[in-house]
Structures are given as C-alpha cells and as structure tokens.
Amino acid sequence: MIYEVFRQERKGQALQHAGSVEAADDHFADVYAREQYGRRGESTALWVVARDAVIEIDDFVDELNRNYHRVDGYPLKEKLKEARERAGTAAAPGDR
Amino acid sequence: MNEQEFLEYVQSGGQVETADWMPDDYRAKLIKFIEMHGNSELMGVLPEREWILRAPTLQRKLALTAKVQDEVGHSQLIYRVVEDLGKPREQCLDDLISGKAKFHNVFHYPTKTWGDVGVIAWLVDAAAIISQKALLKCSYAPYARIMKKICWEESFHILHGRDVILTLMNGTDDQRELVQESLNRWWGPLMQFHGNPIAKEEDPMYIWRIKSQGNEEARQQFLDGYVPQIWELGLTVPDQKLRKNDEGAWEYSEPDWDELRHVVTGHGPKTGERLNLRRSARESSAWVRKVVLAEAA
Amino acid sequence: MNEQEQQLLLEIADDELILGWRDSEWTGVAPLLEEDVAFSSIAQNEIGHARALYELVARARGTTADELAFDRSPDEYRCAPLVELRLMDWAETIARHYLYEEADAKRLEQLKQSDDSEIAGLAAKIDREEAYHRIHAQMWFDRLQDEPRFAEALERLRPQAEALLDSAQRGEHTAELADLWQEMTIVRRSQPAGTKW
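1. Some remarks on the overall build of chain C
The number of helices and strands found in chain C is eight helices and zero strands. Moving toward the C terminus, one meets the helices and strands of chain C in the order α-α-α-α-α-α-α-α. The C-alpha radius of gyration of chain C comes to 17 Å, within 12% of the 16 Å expected for a compact globule of 197 residues. Its C-alpha atoms give chain C principal-axis dimensions of roughly 50 × 40 × 30 Å. Counting across all 197 residues of chain C, residues that qualify as buried make up 45%. Here the contacts in chain C between residues at least 6 apart in sequence split such that 73% fall between residues at least 24 apart.

2. Observations regarding the overall build of chain A
When helices and strands are counted, chain A shows two helices and three strands. Listing the helices and strands of chain A from first to last along the sequence gives β-β-α-β-α. Scaling as 2.2 N^0.38, a compact globule of 96 residues should have a C-alpha radius of gyration of about 12 Å, whereas chain A reaches 25 Å, well beyond that. Each principal axis of the C-alpha distribution contributes one length, and for chain A these read about 75 × 35 × 15 Å. Counting across all 96 residues of chain A, residues that qualify as buried make up 21%. Summarising the internal contacts of chain A: among those between residues at least 6 apart in sequence, 44% fall at separations of at least 24.

3. Remarks on helix α6 (residues 117-144) of chain C
Between its terminal C-alpha atoms α6(C) stretches 39 Å, which fits the 40 Å expected from 28 residues at 1.5 Å a residue. Within α6(C), the axis deviates most sharply at E129(C), by approximately 30°. Looking at the buried residues of α6(C), the elements they touch are α1 (26-38) of chain A, α12 (286-293) of chain B together with α2 (33-61), α5 (90-111) and α7 (148-161) of chain C.

4. What about the interface of chain C and chain B?
Opposite the 34 residues of chain C that make contact, chain B presents 34 residues. Ranked by the residues each element gives to the side of chain C that touches chain B, the list is headed by α2(C), at 10 residues. Class assignment of the residues belonging to the side of chain C that touches chain B gives a composition of 16 nonpolar, eight polar and 10 charged.

5. Observations concerning the sheet that holds strand β2 (residues 16-22) of chain A
All names here are of chain A. Judged by pairing direction, the sheet is antiparallel, and its three strands sit side by side in the order β2-β1-β3 without closing on themselves. Whereas interior strands pair on both sides, the edge strands pair on one side only; in this sheet they are β2 and β3 (45-50). The average angle at which neighbouring strand axes cross in this sheet is 25°, direction not considered. Bridging between strand β1 (residues 2-8) and β3 involves six bridges; their strand directions are antiparallel. Note that in β3 the partner of R7 across the bridge is L46. Lying on the sheet, α1 is in contact with β1, β2 and β3; it crosses β3 at an angle near 135°.

6. A short note on the interface of chain B and chain A
Chain B puts nine residues into the contact, and the matching count from chain A is six residues. At the level of secondary structure, the elements contributing two or more residues to the side of chain B that touches chain A comprise α3 (58-85) and α12 of chain B. In terms of residue count, α3(B) provides more of the side of chain B that touches chain A than any other element does, four residues in total. Tallied by class, residues from the side of chain B that touches chain A come to six nonpolar, two polar and one charged.

7. So, the packing of α3(B) against helix α6 (residues 141-169) of chain B
Residues and elements named next belong to chain B. Look at α3 against α6: their axes get within 10 Å of each other, and the N-to-C directions meet at 170°. Here α6 runs roughly antiparallel to α3, going by the angle between their axes. For the pair α3 and α6, the contacting residues are A63, K67, D70, H74, L77, I78, V81 and D84 in the first and P142, Y143, I146, K149, I150, E153, H157 and H160 in the second. Looking at the contact of α3 with α6 residue by residue, the class counts come to eight nonpolar, three polar and five charged.

8. Some points on the environment of L93(B)
Residues and elements named next belong to chain B. Its place among the elements puts L93 in helix α4 (residues 89-98). Residue class for L93 comes out buried when judged on the 20 C-beta atoms lying within 10 Å of it. Sequence separation of L93 and N39 is 54 residues, and the distance between their C-alpha atoms is 7.9 Å.

9. Regarding the pairing of β2(A)
Residue and element names in this part refer to chain A. Where burial is concerned, most of β2 is hidden: five out of the seven residues are buried. Sheet topology places β1 next to β2; six bridges connect them, and they run antiparallel. Note on β2: the bridge partner recorded for I2 is E22.

10. Observations regarding α4(B)
Residues and elements named next belong to chain B. Considered for burial, the residues of α4 that qualify are C92, L93 and L96. Down the axis of α4, the buried side of the element spans an arc of 95°, and every buried residue falls inside it. Of the surrounding elements, those touching the buried residues of α4 are α2 (24-54), α3 and α11 (271-284). Of the residues one or two after α4, G99 is the one with positive phi, at around 90°.

11. Describing unusual backbone geometry
For N65(A), which is not a glycine, the phi torsion comes out positive at approximately 50°. Note that N65(A) resides in the loop between β3 and α2 (76-87). Non-glycine residue R209(B) carries a positive phi angle of around 55°. You can see R209(B) is positioned in the loop between α8 (204-207) and α9 (215-232).

12. Remarks on the confidence of the model for chain C
Taken as a whole, chain C shows an average pLDDT of 94; of its residues, 100% reach a score of 70 or greater. Across the predicted assembly, pTM comes out at 0.92 and ipTM at 0.94.

13. A look at the packing of helix α5 (residues 114-135) of chain B against α6(B)
Residue and element names in this part refer to chain B. It is at 8 Å that the axes of α5 and α6 come closest, and there the two elements cross at 155°. On the basis of their axis angle, the class for α5 and α6 is roughly antiparallel. Seen along the crossing, α5 lies across α6 with a hand that is left-handed.

Reading the values: the criteria
- Residues numbered from 1 in each chain as written.
- Chains lettered and ligands numbered in written order.
- Predicted model: local features only at pLDDT ≥ 70, side-chain atom pairs only at ≥ 80, totals over all residues.
- Helix = DSSP H or I, 4+ residues; strand = E, 2+ residues; numbered from the N terminus.
- Rg over C-alpha atoms; globule rule 2.2 N^0.38 Å.
- Buried ≥ 20, exposed ≤ 12 C-beta atoms within 10 Å, placed from the backbone.
- Contact = placed C-beta atoms within 7 Å.
- Expected span 1.5 Å × (residues − 1).
- Bend = angle between axes of the 7 residues up to and from the residue.
- Nonpolar A, V, L, I, M, F, W, Y, C, P; charged D, E, K, R; others polar.
- Pairing = 2+ DSSP bridges.
- Axes fitted to C-alpha atoms, helices over the stretch in contact; angles between N-to-C directions.
- Parallel < 35°, antiparallel > 145°, perpendicular 65-115°, else oblique.
- Arc of directions from axis to C-beta.
- pLDDT = per-residue confidence, 0-100.
- Left-handed = near helix turned anticlockwise from the far one by under 90°.

Right, here's the structure in full:
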C-alpha cells in the first residue's frame, strides 16, 4: 500500500506533502515515514495517510468569469484619479 | 494539449504533475532517466558499505552508515516517482539486475582504500550534486521536489568527505599518500561522469527540460569548484593538460569515452560482482516481500 | 565507578557495538527499501549507544571510547556470542533482534536503578531510544510469527539470548569474532596508535 506523508518543518508552519512510502499496514507506514522524513530531526510533525484515503481535486470550473472573487474585479485606480480631480486634491508621492 | 504545445509549455518553465497528460516520448525518457538515477543510488551503496566495518573511529562508522543509509533512502524516493509514472519498483529492480537498465559509471569501480571513502564523498558526490542541483528545475515536478530533499542530504555527505580528506591530509605521510593514490584512480571516471559533451540543444533530456544543464556545463562547474580545492591541499591531478584558459574555461585531456561506454553497458571492473550481490540478496529475501506485501497488494 | 560496574558496561557496549555492526551489514541489501533505511537507523543507534557507554568507562580509565572500541585484542571483548553471529537471513536477524531487545530491556531496567547517577542517567536515555527498537521488533514479530523459519530461528537462538543477562556465560567467543576484529581494525592498525582519522 502507498501512504502519503505530509510534514511540518517547524511549529506554526503548514504541513506540506513530502512524499510517499510503501508499507504493509499503518504500523509499518508509521515506522517508515519517521525514518524517511524525520531521522535527521528535520520535521516536528508528520501526517501519514493511505493514498486511497486521499480525495484528489484538480478540476475547477469558472465558466462565467466571476471577477468579484478577484482583485481585477475592483478597478479603483481610474475612479480615485477622477475623485481627486473633482476635489482638487493631488496624489501625494507614494500613493497607490 | 498536443505535443508541440507541451514542448512549448515545458520550455517556458511549465511544470508537469503525475496526473497531467504528457507525450509518450516524454514519459518514456523521463522514466529511463529517473530510473537510472534510482539504480545509481542503490548501486552506489555497494562500494561504500564495505568500509562501514573498517571505519577507523566510531564517529566515522556512524557518519558513513548514515551516508549509505541516505543513498538507500534516495533510491526509495526515486523509485516511488518512477512507480507513479507507471513502472513498478520490482520491474526496475528486475531490469537493473538483468543489466537491461543502466547506472552511473562511478559505481562500477572498486574501492580499495580508506582514501577512496574520502575521495568518493568529497569528489564523486560533488560531481553528482552538480547534476542534482540542475535537476531542481526539472519540468517534472514530483522529481524536482524530491531533488530538494536529496540535495539537502547530499550536503552532509560532502561535509563528511571533506572532513575525512582534511584529517588525512593533516596526518601522516602514508595518509596523504592514501588520498593522492585514490585521486589518481578516480580522476578518469570523474571526468567521464557528466557524460560526453553533446550540445544541450541536441540532448533530448534538455529539450524536454528534464535536465536544465548541458553535460559540458556540469563538468566545467565541477572543475571550477573542485580543482582549486584539490590543488590547495598540495594534491596533484593526474592530467598534465588540466588548466583554466584565458576565457575562464577549463581545458583537459579528452576523457576516455570508450571506457565510459564500455563500463555503463555493464562491463565495469565490479559490475558483474555487484549485480550478483543484488540478485542473490533479492532472491533470498523474496519471501519477506511476499509475506509482508502480499495482503496489501 | 568500580571495576565490576566497568565490566558490566563494557559487556553491554561490546554487545551494542558488534550487534550494531552486524545489523549494519543489511544496509543496502535489506528485503525492502523502506526497511533498509529503518534498520540502518537501528544499527546506528546501537553503535551510538556503544559509544556513549564506552565514553563513560573511558573517563573512569583515562582512555578514549575509540581506544576501548578498537584497540583491545579479540579475547578482551566482553560481547555475548549471540551478537557475533553473521545472520544474513531476515528471519534469523529479526529473531535475534527480538530476543536481544527483550533481554536489553531487562538489563536497562536494572541499570536505571544504579547508585551511580551517570550510569542511571545514561541507561534512562538509552532506554528511551530503545523503545523505538522494541516497537520495530514487535511489529516484525507480529508479521512473521506464523512463518516456520522464523519460529525455528527464535527457538534456535533463544538459549544464546540467556548469555545476554548472565555475565558468567560470556567469555567464550565464536570463531567469527576474530575475523570480524581483523577487518574492523585493519585501517586503524595501518598507522601508529594515536593517529587521527
């Protein structure tokens, strides 16, 4: 069985996928993951999970181009320029 | 995506994951390249493990065991990548043992002295790490990712190698002679290691961005980094022609490409013996794999 | 530390050194790649434990761990015959591993009660690392217990495991130890004593 291994390098960091080990069962997977991803003290934590248990998702649908979810949905630059001209105020150096 | 689009994609830095579509040729070349790397790590263990017993201090014994352990670990990481690409580990090992699949030239040669332990960890691993650092940019992402771990672990090997060599060089005349004699023997294979100087634009590995560096580029990097280290210890390199020219490129005697071809096609001094060892170890432990992995299959 | 305590520590150190070396013979040729890596760590731990024990005795004797590990003659080693055996069958190796860990757990318990705080402290440290070895040995025992060759190896090696806990049963070495010592010290002996490596 293939087990996926996720490791956390330091406390506070996210666990990241590190690799996989082949093991007969959870006990062997525990031992083997520890060895491959921890023998040099390089991880503070490991999550080990059978590959079959992982739900893979890599297809995302966005047919109608929903820009309100993205930064480019909010074009402020032109509007700010117009508002300043109206108020007679200039942009200060460094303004966005 | 078609093959042309894929080519443009990887050539502009695109990364490929396991589940992505890839041209058959890309997949085949990838498997062959990565498999050879896995084979090399596994075969590289054999010349070094003899010295674990003979290590002259407890610290050296531990460091050498850890180094060899890392190499086995690397082969595990690499074969997992190959397996996810479609070629099972057992098939890779079958092909290795039968001689169908290759491994790097340096692992076909004997180790004769403690000097070799130092030279291998210092220079052979250095030559390998140059290639490995270039692989960090491999277009196939799972392989590029394991290269990060491999490079990190290899950096300890180089430290160990350097420590062994410096201790010998600061020791007795006999110890210094051990290093020089070892270097004399390993220089030829080292110069052949990065392969013949095929232009990278003609190298399919580079075209697919599996490799990001040409063979000659790698060799020049090796010479640039390590010849000064060799010379500063008072050691000589057994090549009269070796020098850096005015353009900053290293000139050297033409490596023996026939020897390289002869060796990697399975005719090295130790090839047969080492493959036999692999074969018999594998046969005698087949029952363990059956017991342990059978239900899991 | 009195002479008796030193002898006991040397027994354990010699056991760990020779067993650690025997276990490291599997590096590169173990049945599974993942197991190869795991078992190599166990071998390294054993050699590390040997070193720590040698260091304790070395301090009491005004010598070094390396000198104790390498520079005695074969008949001066205090290891039990069980660890000297070259066992390149996995069933035998795991059988020895299991029996050794069983015995080692008992003697570490005793050492943890030592009046000498250094000995007790080191025993506790070693014991904490050995916990992992015991888990590993048990895991393999559970997998192999129905295999005839494993059960047979266990029964065959069990009597020799008794010497681990009985100093009186040590002293006789196998023929293998002299050969092992020759090879183990060949590089070291090639230069004068005190040469740095």
